[in-house]
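Chain by chain, the residues run as shown.
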Amino acid sequence: MGVRDWLNERLRYEAAETFLEKKEVPVHRYAVSYYTGGITLFFFLIQVFTGLLLLMYYRPTSDAAFESVRLIISKVRFGWLIRSVHVWSGNGMVAAVILHLLATFFGRAYRKPRELTWISGVALLAITLAFAFTGYLLPWNTLAYFATQVGTEIAGDVPLVGKALLVLLRGGEDITEATLSRFFGIHVAILPALITLLLGLHLLLVQIHGMSRPISVRVTGSERFFPEFMLRDFIVWVALLGGLAVIATLVPWPLGEKADPLAPAPAGLRPEWYFLFMFQALRMLPARILGLEGEMVGVTLFAIAGVVLLLVPFLDRWAARERSHPLVSILGVVALAFAVVMTALAFLTGL
Amino acid sequence: MDVDEVGERPQRIRRRTFLDYSFTAALAALAGAVLYPVVNFLIPPKTKEVTSQSVVAAKSAAIAANSGKIFALAGKPAIVLRTPDGELRAFTAVCTHLACTVQYRSDFQHIWCACHDGHYDLHGQVLAGPPPRPLIEYKVTVKGDDVIVTKA
């Protein structure tokens, strides 16, 4: 008996082979949207890999965190590259998740029977943002320190549970070493565990249901997933890896100054680009709305928007009947335009 | 024309083989380009250590006869002891068996390693147990009240 047969009797991989032979990808004018999930996965894998490498040298204490990152980028061979790739790829992952969400939304790919795929996807978006938020503090520099101060303060504005959430996140009333410990634990243990489970479910559901075909677009045919689609996916990945290496080398991510809790907040403090629209919207709200605190109203509205996003497959009754209603697209465009305009405003007005 | 067609077939095979080799070579280059920085990253950078070959191990008066003291010399543990006869001696405190730190046992009146019951005499020679080699002896000089130990 050959090794192949021996393994197959135990692993039953022939079933997977048969599945792979049958798996097909529809061909149509928006078929390029099928790459967005793979691109997100690529950035995720880069994050896992570079994250594990950074763990070899990073030290999560307020005394040593900044110095350990400085050691990584100045003394460890190729440390500057690994750290820069981790930050850039993290930004790429957020961008890819957003693109993937938009492609799925406008393609109505969330409709029956893929509601749970959508919900797990929105949860993965939330986890990705949590990764970004917690990872941002880890170098313990001034910008990160105050960004976390502001970010957790906003979490404190969530109605009812805000205060508890704030203390839970910070590990106390203030941003201290306890916060750094927490964020580190969340970033390297809790979120990885969660994302492994959810991503596993998400990818399993994608295999069960196959690629969604858009409603109103003519599908001109299909191609085999293996090897045709997979090889092209691979080419995209190689191109992304090259692009990532180039940008990480030419535009190294700065480390900044070590955080000093007693120093005044620096001017021009603002969150990363993916949180900017919320930041700008909250800033533009009046101090009091209908006798309520403006910030709290804003945060509540964003929380409601999050729930609406999660429930999209159940709210869009037309898509469930294989109809593509323009109202859904219009609402999507309005939401997107809001985020884009707010982000642009935040950039234009400075600060 | 006939000749061309005949000549074309082996050429097609060569083209395919060539592409296969190119693809494999490109993959190998990619893997190399990724692995080279990764392997280098994992090699720890040299940290500048103050590796003085000589150190003030203790105050002379602090080491009574038939006792010892462990101190750091060039980043590694070393032991200075005063024999029951009153003579000061110093050795590496790293056991030659499996690198545990040895100690001076007043009741045995010699050096002992707790990990695997290794015994060394007051010259660092193995008395009993698994240690394969004697402990390396260091030079002791007394300057005033300071006991200075120097690595040979």
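Residues numbered from 1 in each chain as written. Chains lettered and ligands numbered in written order. Predicted model: local features only at pLDDT ≥ 70, side-chain atom pairs only at ≥ 80, totals over all residues. Heavy atoms only, no water.

Scanning chain B from N- to C-terminus turns up one helix and 10 strands. Starting at the N terminus, the α and β elements of chain B follow one another as α-β-β-β-β-β-β-β-β-β-β. Relative to the globule expectation of 15 Å for 152 residues, the C-alpha radius of gyration of chain B, 32 Å, shows a markedly less compact shape. In chain B, which comprises 152 residues, the share counted as buried stands at 31%. Expressed as a percentage of contacts within chain B between residues at least 6 apart in sequence, the contacts between residues at least 24 apart total 38%. Summed over all atoms, the accessible surface of chain B reaches about 9,900 Å², with 59% contributed by carbon and sulfur. Taking the average place of the 17 positive charges on the side chains of chain B and the average place of its 14 negative ones, the gap between the two points comes to 5 Å. (Helix = DSSP H or I, 4+ residues; strand = E, 2+ residues; numbered from the N terminus. Rg over C-alpha atoms; globule rule 2.2 N^0.38 Å. Buried < 20%, exposed > 50% of the residue type's maximum accessible area, 1.4 Å probe, protein only. Contact = heavy atoms within 4.5 Å. Areas by Shrake-Rupley, 256 points an atom, 1.4 Å probe, with all protein chains shown as cover. Lys, Arg positive; Asp, Glu negative; His and termini not counted. Charge placed at Lys NZ, Arg CZ, Asp CG, Glu CD.)

Looking now at the packing of helix α6 (residues 115-137) of chain A against helix α9 (residues 177-209) of chain A. Axis angle and axis distance: for two packed helices, these are the angle between their axes and the distance between the axes, and together they describe the pair. Residue and element names in this part refer to chain A. For the pair α6 and α9, interaxial distance at closest approach is 9 Å and the crossing angle is 155 degrees. In terms of their interaxial angle, α6 and α9 are classed as roughly antiparallel. Our pair here, α6 against α9, has a crossing hand that is left-handed. Across the contact of α6 with α9, the residue classes break down as 20 nonpolar, nine polar and no charged. (Axes fitted to C-alpha atoms, helices over the stretch in contact; angles between N-to-C directions. Parallel < 35°, antiparallel > 145°, perpendicular 65-115°, else oblique. Left-handed = near helix turned anticlockwise from the far one by under 90°. Nonpolar A, V, L, I, M, F, W, Y, C, P; charged D, E, K, R; others polar.)

What follows is about the sheet that holds strand β6 (residues 110-113) of chain B. Across a sheet, strands are paired by hydrogen bonds formed along the backbone, either parallel or antiparallel in direction. Residue and element names in this part refer to chain B. Taken together, the four strands give an open sheet; going across it, the order is β5-β6-β7-β8, and neighbouring strands pair in antiparallel fashion. Either end of the sheet is taken by a strand with one partner, and the two such strands are β5 (103-105) and β8 (126-128). Each strand axis lies, on average, 40 degrees off the axis of its neighbour in the sheet, ignoring direction. (Pairing = 2+ DSSP bridges.)

This paragraph deals with the interface of chain B and chain A. Chain B puts 13 residues into the contact, and the matching count from chain A is 16 residues. Both faces combined, the contact of chain B with chain A buries some 1,300 Å², and carbon together with sulfur accounts for 82% of it. Where chain B touches chain A, the interface holds zero salt bridges. Counting across the chain B and chain A interface gives three residue pairs in polar contact (both at pLDDT 80 or more). (Buried area = accessible area lost by both parts, 1.4 Å probe. Salt bridge = Lys/Arg side-chain N within 4 Å of Asp/Glu carboxyl O. Polar contact = N/O pair within 3.5 Å; in protein donor to acceptor, adjacent residues only side chain to side chain.)

We now examine helix α8 (residues 162-170) of chain A. All names here are of chain A. If you check which residues of α8 are buried, you get Gly-162, Leu-166 and Arg-170. Each buried residue of α8 sits inside an arc of 55 degrees when the element is viewed along its axis, so together they form one side. Within α8, the exposed residues directed more than 90 degrees away from the buried face are Ala-164 and Leu-168. Elements in contact with the buried residues of α8: α7 (142-155) and α9. (Arc of directions from axis to C-beta.)

Residues and elements named next belong to chain B. Bridging between β5 and β6 involves three bridges; their strand directions are antiparallel. Bridge assignment links Tyr-104 to a residue of β6, and that residue is Ile-111. Between β5 and β6, which pair antiparallel in sequence order, lie four residues; one of them, Gln-109, sits at a positive phi of approximately 60 degrees. Bridging between β6 and strand β7 (residues 118-120) involves three bridges; their strand directions are antiparallel. Opposite Ile-111, over in β7, you have Tyr-120 as the bridge partner. Hairpin connection, β6 to β7: the antiparallel pair is bridged by four residues, and Asp-117 has positive phi, about 55 degrees.

Applying the stated rule across the entire model yields 13 salt bridges over all chains. Notably, a salt bridge pairs Arg224(A) with Glu228(A), separated by 3.2 Å at the nearest N-O pair. Under the relative-accessibility criterion, Arg224(A) is labelled partly exposed at 42%. A relative accessible area of 31% means that Glu228(A) is categorised as partly exposed. We note a salt bridge from Asp146(B) to Lys59(B), for which the minimum N-O separation is 2.8 Å. In this pair, Asp146(B) sits in strand β10 (residues 146-150) while Lys59(B) sits in strand β1 (residues 54-59), placing the two residues 87 residues apart along the sequence. Asp146(B) gets classed as partly exposed once you look at its relative accessible area, which sits at 22%. With relative accessibility at 45%, the residue Lys59(B) sits in the partly exposed group.

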